[in-house]
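Each chain, written out:
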Amino acid sequence: MTQLGLPETIGTCLFDLDGVITKTAAVHEAAWRETFDTFLRRRHGPDFRPFDIHDYNEYVDGRPRADGVRSFLASRGIEIPEGLPGDSAQEDTVHGLGRRKNELLLEKIRNEGVEPYPTTLRYIHEVRRLGLKTGVVSSSANCREVLRSIRAEDLFDVRIDGLVAEQRGLPGKPHPDMFLAAAHDLGSTASASAVFEDALSGIDAARAGRFGFIIGVDRAGQGDAMRAHGADVVVRDISELVDWE
């Protein structure tokens, strides 16, 4: 293993955004919870079963917005119209609920701000100092704005996010296509790339793409599940991979 805690064969590092670089996973969960609870209360009345952290981790975390809506509603046996990407946040369609979640997310980010994980940024600086390539791979359509807000956009040679995925027709996590596109754009291969993920869907994507090393960043007590899904190593914080001294 190198001083970065990675196999010698790794020359490219691909980082998820929410929960790995920034402390926004909890903000996403809160926005999803408010979106789905409002919908479920309206549909089933006051005795509805609320959206919970298991639902977030299993059906939503790391997935593109529309996929998250479809996955969660399917888990409850609920079917709603697909709608259109331009649907308003007031419409009970897949795209309408996705828009509502994004509006709530942006409102929470504006009110609460975005905070990075300093140890992740330090690690990325060290990765780049040692000459490895870096990419950010996120289902979020707000990835660039979030990176700019923490002054980290220049830390990545390639960005494959929700907007880029839509433009290129790339399916989102748990499919491997976004990670594979990032590796390709960096002139690398899956086998020579490490993936840093906090979402089970992202780990599934990395495993499906046969990436060379998969690091599960366990922010929510999912270590055993991450290993079961294919993580090669699980850490509570990226600083555990290195000896800063």
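Cut-offs and rules
Residues numbered from 1 in each chain as written. Predicted model: local features only at pLDDT ≥ 70, side-chain atom pairs only at ≥ 80, totals over all residues. Heavy atoms only, no water. Helix = DSSP H or I, 4+ residues; strand = E, 2+ residues; numbered from the N terminus. Rg over C-alpha atoms; globule rule 2.2 N^0.38 Å. Buried < 20%, exposed > 50% of the residue type's maximum accessible area, 1.4 Å probe, protein only. Contact = heavy atoms within 4.5 Å. Core = buried A, V, L, I, M, F, W, Y, C linked by side-chain atoms within 4.5 Å. Pairing = 2+ DSSP bridges. Right-handed = clockwise from strand over helix to strand, strands pointing away. Polar contact = N/O pair within 3.5 Å; in protein donor to acceptor, adjacent residues only side chain to side chain. Phe/Tyr/Trp six-rings, centres within 6.5 Å; stacked < 30°, edge-to-face > 60°. Lys NZ or Arg CZ within 6 Å of the ring centre and 35° of its normal.

Visitor: How would you summarise the overall build of the chain if you had to cite specific residues and measurements?
Guide: Assigned secondary structure in the chain consists of 10 helices and six strands. Compactness check: the chain gives a C-alpha radius of gyration of 18 Å against a globular reference of 18 Å for 245 residues, within 12% of the reference. Along the first, second and third principal axes, the C-alpha atoms of the chain reach 55 × 35 × 35 Å. Across the 245 residues of the chain, 56% fall into the buried class. For the chain, contacts bridging at least 24 residues in sequence account for 60% of all contacts bridging at least 6.

Visitor: Which residues make up the nonpolar core, and what are the values?
Guide: If you look at soluble globular proteins, the nonpolar side chains tend to sit buried side by side. Membership of the largest hydrophobic core comes to 36 residues, with the highest contact counts inside it found for Leu6, Phe15, Ile21, Tyr123, Phe196 and Ile215. The dominant element in this core, judged by the number of residues it contributes, is helix 5 (residues 118–129), at four residues. Formed by 23 residues, the second largest nonpolar core is a distinct cluster that contains Ala181, Ala183, Phe211 and Met226.

Visitor: Can you break down the pairing of strand 4 (residues 193–197) residue by residue, with the values?
Guide: Summarising burial for strand 4: five of the five residues are buried, a large majority. Side chains Ser193, Val195 and Glu197 of strand 4 all project onto a buried face; the interleaved residues Ala194 and Phe196 project onto the opposite face, where all are buried too. Inspection of the sheet shows strand 1 (residues 12–15) paired to strand 4 by four bridges, in the parallel sense. Considered in strand 4, the bridge of leucine 14 is made with valine 195. Strand direction decides the pairing type here: strand 4 and strand 5 (residues 213–217), joined by four bridges, are parallel. When the sheet's bridge partners are listed, valine 195 is paired in strand 5 with isoleucine 214. The parallel pair strand 4 and strand 5 is bridged by helix 9 (residues 200–208), and the resulting crossover is right-handed.

Visitor: Give me the environment of glycine 11: which residues, what numbers.
Guide: Tracing the chain through its elements places glycine 11 in the segment before strand 1. Distance in space between the C-alpha atoms of glycine 11 and valine 127 is 9.4 Å, their sequence separation being 116 residues. Excluding anything up to four places from it in sequence, glycine 11 contacts Leu132, Lys133 and Ala192.

Visitor: Break down the side chain of threonine 12 for me, citing the residues and quoting the values.
Guide: For threonine 12, the location among the structural elements is in strand 1. A distance of 3.0 Å separates a polar atom in the side chain of threonine 12 from a polar atom in the side chain of serine 188. Setting aside anything within four residues of it in sequence, one finds threonine 12 in contact with Leu132, Lys133, Leu186, Ser188, Ala192, Ser193 and Ala194.

Visitor: Requested: an account of the packing of aromatic side chains, with residues and values cited.
Guide: A full pass over the atoms with the stated rule returns nine aromatic pairs. Ring centres 4.4 Å apart and planes at 15 degrees place the aromatic pair phenylalanine 15 and phenylalanine 196 in the stacked group. A residue pair is termed long-range when its members are at least 10 positions apart, and phenylalanine 15 in strand 1 and phenylalanine 196 in strand 4 qualify at 181 residues. Exposure remark for phenylalanine 15: the relative accessible area of 0% places this residue in the buried category. Pairing tryptophan 32 with phenylalanine 36 gives two aromatic rings, centres 5.2 Å apart and planes at 10 degrees, and the pair type is stacked. A residue pair is termed a helical-turn pair when its members lie 3 or 4 positions apart in one helix, as tryptophan 32 and phenylalanine 36 do in helix 1 (residues 25–44) at four residues. The class for phenylalanine 36 is buried, based on a relative accessible area of 0%. Aromatic ring contacts, followed pair by pair, group Phe15, Tyr123, Phe156 and Phe196 into a single cluster. In this structure, arginine 219 packs its charged tip against the face of tyrosine 117, placed 3.5 Å from the ring centre.

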